[in-house]
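# Report on the structure
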Amino acid sequence: MKILLCSSETGSDAGGLALHCSQLKDIFEELGHEVFVELLLNPNAYNVIDGGYDPKLGSKIRAAYKIKSLINDYKDKADICVSCGAGITAYYSMLFCKERGIPLYVVLCGSEVNLSYGQADLAFFNMEALGYATAVIGLSEELNQNARRLSKNPMCRYYVIPNYCDMKRSSSVMKHNYNADRVTYASGAAFLGEKKGISNLIKAFSKLIHEKGRNDLLYLYGKIDDDIKEQYQHMITSLSLGQNVFLCGYFDRRAFHQKMDEVDVYIQASPFEGFGNSVAEALSSGKDILISDTGYIAEQIGDEYPDHVIRSLAPERMAEDIYQYSREILFRNEAESIRLRLADVLDRHNIVERWREVFGKAQSASIDVGADSCIAVMFHDIKSEYTGVDYSPEGFEKLLRKVSERGFRLCSARDFFQHPQSDRMIICTFDDGYEDVYRNAFPIMQRYGFSATVYVCPDLVGKDNSWNHKDDTVRIHMNHEMIEDLWHAGWEIGSHGLSHINMLRLPEHELEDNLVRSKDQLGLYGPIESFCYPYGQYNSFIKEKVKLYYKNAFSVDIGGNNYISDPYQITRLTPEQLIKRLEL
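What you see is a predicted model, and the numbers here were worked out from it, not measured in a lab. (Residues numbered from 1 in each chain as written. Predicted model: local features only at pLDDT ≥ 70, side-chain atom pairs only at ≥ 80, totals over all residues. Heavy atoms only, no water.)

Another aspect to go through is the pattern of salt bridges. A side chain of one charge can pair with a side chain of the opposite charge when the charged atoms of the two come close. Scanning the entire structure with this criterion turns up 27 salt bridges. Glu-273 serves as the salt-bridge partner of Lys-196, at 2.7 Å between the closest nitrogen and oxygen. Residue Lys-196 is located in the loop between strand 7 (184-191) and helix 7 (198-210), and its partner Glu-273 is located in the loop between strand 10 (265-268) and helix 10 (277-284); the two are separated by 77 residues in the primary sequence. Taken together, the shared-partner salt bridges in this structure form one network comprising Asp-381, Asp-390, Asp-471 and Arg-475. (Salt bridge = Lys/Arg side-chain N within 4 Å of Asp/Glu carboxyl O. Helix = DSSP H or I, 4+ residues; strand = E, 2+ residues; numbered from the N terminus.)

Strand order in this open sheet of six strands is 9-8-7-10-11-12, and the pairing throughout is parallel. With one partner strand each, in any of the chains shown, strand 9 (245-249) and strand 12 (309-310) form the two edges of the open sheet. With four bridges connecting them, strand 8 (residues 217-223) and strand 9 associate as parallel partners. Following the sheet pairing, Leu-218 is matched in strand 9 by Val-245. Along the sheet face, helix 10 touches strand 7, strand 10 and strand 11 (288-292) and points at about 165° away from the line of strand 10. (Pairing = 2+ DSSP bridges. Contact = heavy atoms within 4.5 Å. Axes fitted to C-alpha atoms, helices over the stretch in contact; angles between N-to-C directions.)

Another aspect to go through is the pairing of strand 15 (residues 425-431). Of all seven residues making up strand 15, seven are buried, and the element is well covered by its neighbours. Both faces of strand 15 are covered, namely the face carrying Met-425, Ile-427, Thr-429 and Asp-431 and the face carrying Ile-426, Cys-428 and Phe-430. As defined by bridge partners, strand 13 (residues 376-379) adjoins strand 15 across four bridges and the pair is classed as parallel. Note on strand 15: the bridge partner recorded for Phe-379 is Phe-430. Two elements, strand 14 (residues 409-411) and strand 15, share three bridges in a ladder whose sense is parallel. Its bridge partner lying in strand 15, Arg-409 is registered against Met-425. Examined bridge by bridge, strand 15 and strand 16 (residues 453-456) share three bridges and lie parallel to one another. The partner of Phe-430 across the bridge, within strand 16, is Val-454. This β-α-β element, strand 15 to helix 17 (residues 435-448) to strand 16, shows right-handed connectivity. (Buried < 20%, exposed > 50% of the residue type's maximum accessible area, 1.4 Å probe, protein only. Right-handed = clockwise from strand over helix to strand, strands pointing away.)

With that out of the way, let us pick up helix 7. The end-to-end C-alpha separation of helix 7 is 18 Å, in line with the 18 Å expected for 13 residues at 1.5 Å each. Considered for burial, the residues of helix 7 that qualify are Ile-198, Ser-199, Leu-201, Ile-202, Ala-204, Phe-205, Ser-206, Leu-208 and Ile-209. Taken together, the buried residues of helix 7 touch strand 7, strand 8, helix 8 (226-238), strand 9, strand 10 and helix 12 (315-327). (Expected span 1.5 Å × (residues − 1).)

On to a negative patch on the surface. Side chains of Asp-225, Asp-226, Asp-227 and Glu-230 sit close together on the surface and give a patch of like negative charge. Along the chain, Asp-227 falls in helix 8. (Patch = residues over 30% accessible without salt bridge, like charges linked within 9 Å, V, L, I, M, F, W, Y side chains within 5 Å. Areas by Shrake-Rupley, 256 points an atom, 1.4 Å probe, with all protein chains shown as cover. Lys, Arg positive; Asp, Glu negative; His and termini not counted. Charge placed at Lys NZ, Arg CZ, Asp CG, Glu CD.)

Note on placement: Ser-93 falls in helix 3 (residues 87-100). Remark: the alpha-carbon pair of Ser-93 and Leu-524, spanning 431 residues in sequence, is separated by 39 Å. For Ser-93, the contacting residues outside a window of four places in its chain are Cys-6, Leu-40, Cys-81, Ser-83 and Leu-104.

Okay, here's the thing in structure tokens:
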């Protein structure tokens with residue numbers, strides 16, 4: 001396979017995006033692919049003079065040149081495009097992919113997704129790129145969750161694959177004789193600034209030194225813009241930290257590692273991280289860590305080693321965490337255990353195999369159901385245990401994780417029928433509209449970026465299930481606010497009749513009234529196009545009536561799955577049948 005790898009920077013001497021791009025190129029080539037690396041956003045590319053009536057005209061022209069150049073240079077050279085980073089790099093990559101008609105894989109590394117909520121143009125670039133993407137590969141689950149908030153692309157598959165790091169290279173036992181009165185901390189990056197939470201860290205050290213009576217040291221490594229550096233230096237001076245906090249400037253990776261030999265602990269105070277190369281490398285060289293609650297490493301160690309994770313970045317709270325760490329946690333010598341905990345998941349071979357799986361699913365993720373057919377799954381309530389009606393939240397999340405890992409997406413009936421390529425989409429439905437679907441299923445579905453169709457009886461909204469004499473469990477139907485939340489989140493609202501009456505028992509005028517009034521009353525939540533037969537009961541006469549008012553209808557265990565030949569008797573699988581069908 002020929003891969004066009006687009007990035008804004010590359011190289012192994014720096015960290016962050018540049019290092020990740022270099023790693024991706026090595027991985028893809030090890031997997032046998034031909035890789036072409038294109039650096040986008042180069043301000044020196046093309047001979048364009050800035051200035052004039054529009055100060056941004058030069059960058060606009062360079063962008064147009066770049067897209068045209070990509071299309072011409074790789075017209076027949078790329079089978080897929082991988083964008084290393086989101087934002088404008090992913091947007092340019094998406095434009096190229098659309099022109100070429102090839103898949104786009106977006107690799108999430110950090111700030112381009114995390115910071116887009118406060119920047120309209122960045123949010124636009126991300127929404128457009130993620131809306132087209134075939135797959136998103138985040139360095140952490142947190143990054144993927146932030147991306148899902150920006151995109152409702154039901155076709156997109158999400159994976160978490162970190163950078164690789166040789167955590168097995170240290171043969172010495174990681175146990176140190178620390179100075180209990182003075183612990184030496186270090187934090188670093190190629191570019192050190194507010195993305196690393198430096199101002200809060202300096203303020204926390206002020207409280208640590210002057211209020212807690214500590215005499216610890218903090219070394220800060222990396223390039224700092226002059227105006228920011230001036231503010232940091234003023235902060236250090238005004239807080240009387242000149243003997244404890246030091247701005248050390250930039251060192252290349254090798255020199256930085258040598259400097260790390262002089263410190264006890266690597267500390268991270270970032271509000272957002274993707275992976276944290278320096279954290280992993282500090283561990284691999286025998287250093288202990290204290291890191292903020294963000295990024296892949298915090299996700300991996302947070303439950304087992306919670307005292308190594310800073311839970312709040314407010315200076316007062318951070319100072320308390322560092323104080324307790326300096327007095328107690330550091331002397332447990334847990335760095336070796338943490339290193340071993342991460343060794344396998346960050347092993348290069350394992351990372352390569354995970355990418356092999358991603359590319360493999362790109363070619364095999366489809367279900368053989370026949371042309372113009374679909375697979376649909378039926379749920380009722382998502383409560384604490386399994387019954388004929390209930391499916392537990394734990395089992396539900398486990399099922400969704402397996403569906404996602406196999407490269408499939410759960411979606412609403414509307415999304416399925418409107419999407420031009422639906423071979424990896426599975427229609428997800430919830431009958432009756434119980435409030436535990438909102439409380440338990442909805443947040444799980446949001447984490448995976450899935451949607452569903454929920455079938456509501458308007459006369460039962462906000463009421464209990466006393467209508468169901470066969471159910472001993474008291475259940476409450478969703479209220480209007482809950483239904484509206486689902487609708488705004490991209491779910492489809494369908495009709496389940498007015499009050500869950502078996503339609504075989506209704507005379508013609510009541511049947512028609514039931515179909516019309518339920519559709520009209522639910523019209524608060526967008527176009528009501530899908531119907532679900534109460535109790536799964538219907539006949540040819542009822543089906544003909546449904547056709548007058550709805551675009552499709554779902555049954556339980558009678559009907560078929562060919563939505564072209566008959567979209568008004570689409571049958572659905574139970575969750576257990578779906579598991580068997582997909583071999584999950």
